Number of protein chains: 2
Amino acid sequence: MALEKEISSIVRFHRKKSGLSQAEFAKTAGVGKTVIFDIEKGKQTVRLSTLQKVFIALNIRVSFSSPLMDAFEKSKEEGNANR
Amino acid sequence: MALEKEISSIVRFHRKKSGLSQAEFAKTAGVGKTVIFDIEKGKQTVRLSTLQKVFIALNIRVSFSSPLMDAFEKSKEEGNANR
DNA sequence: GACATATTACTGTTTAAGCGGTATATTACG
DNA sequence: CGTAATATACCGCTTAAACAGTAATATGTC
């Protein structure tokens, strides 16, 4: 599933459960009402900072996975952020 | 950990493992070199579409979790996208 | 059907994201 | 140390994201 479509349905579901309209939720999240509509419509060009506010307001966590993720976690523990 | 910092370190780690410089990787991901530098620097205002290109190029998957996530998955199976 | 509420759509304005070019700083390696 | 590669930084330029306002649909609820 495309990332923006997934975000779209997740945000809408969570917002509806919160009982807030788009405009009300926009206020609590600290963003404009337009961008809530856009996100729920599946807009691909939203800014990360905007999504972050929405996710925080809805108590949604984001995580990442990949074939290299175990090695990445290991490197963090060892304090090798890069190399 | 802040989302943009997490993305920053994950992207840098994966790119380094790929053996590409920022400029080379930018080309393969289909974005400008500047935005790769910005992402690895922890920029918060990157666009979702840009991150998407980077994640695809690095084979990184994104997933979401929340207290309502089980109910959300259920509602998908039942075909109730909203309500 | 009438009426309230919410969503969708469109507007103009402000701000900045992304871009390539380039210049400087940093890092790696012989 | 020198030098090549890479990363970091700054530059204008173009495009569009986010915004509030408003208007038009849609979705209820009585």
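Data block above holds the structure.
What you are looking at is a predicted structure, and each value in this text was computed from that prediction instead of being measured. (Residues numbered from 1 in each chain as written. Chains lettered and ligands numbered in written order. Predicted model: local features only at pLDDT ≥ 70, side-chain atom pairs only at ≥ 80, totals over all residues. Heavy atoms only, no water.)

Caption draft 1: Expanded view of the protein's contact with DNA strand D. Around DNA strand D, a shell composed of 18 residues is seen, among which Gly32 and Arg47 of chain A together with Arg12, Arg15 and Gln22 of chain B lie nearest. The sugar-phosphate share of atoms of DNA strand D within 4 Å of the protein amounts to 76%. In this structure, arginine 12 of chain B approaches DNA strand D through a side-chain N or O atom, which is 2.9 Å from a phosphate oxygen. With respect to DNA strand D, the backbone of glutamine 22 of chain B contributes an N or O atom lying 2.7 Å from a phosphate oxygen. Secondary-structure elements contributing two or more residues to the surface near DNA strand D are α3 (33-41) of chain A together with α1 (3-18) and α3 (33-41) of chain B. Looking at the surface near DNA strand D residue by residue, the class counts come to four nonpolar, six polar and eight charged. (Near = heavy atom within 4 Å. Polar contact = N/O pair within 3.5 Å; in protein donor to acceptor, adjacent residues only side chain to side chain. Helix = DSSP H or I, 4+ residues; strand = E, 2+ residues; numbered from the N terminus. Nonpolar A, V, L, I, M, F, W, Y, C, P; charged D, E, K, R; others polar.)

Caption draft 2: Examining the protein's contact with DNA strand C more closely. Taken together, 17 residues form the shell around DNA strand C, and within it Arg12, Arg15 and Gln22 of chain A together with Gly32 and Arg47 of chain B come nearest. A breakdown of the atoms of DNA strand C within 4 Å of the protein gives sugar and phosphate a share of 78%. Between DNA strand C and glutamine 22 of chain A, the relevant distance is 2.8 Å, taken from a phosphate oxygen to a main-chain nitrogen or oxygen of the residue. Interatomic distance of 2.9 Å between a side-chain N/O atom of threonine 45 of chain B and a phosphate oxygen of DNA strand C. Contributions of two or more residues to the surface near DNA strand C are made by α1 (3-18) and α3 of chain A together with α3 of chain B. Tallying contributions element by element places α3 of chain B first for the surface near DNA strand C, with three residues.

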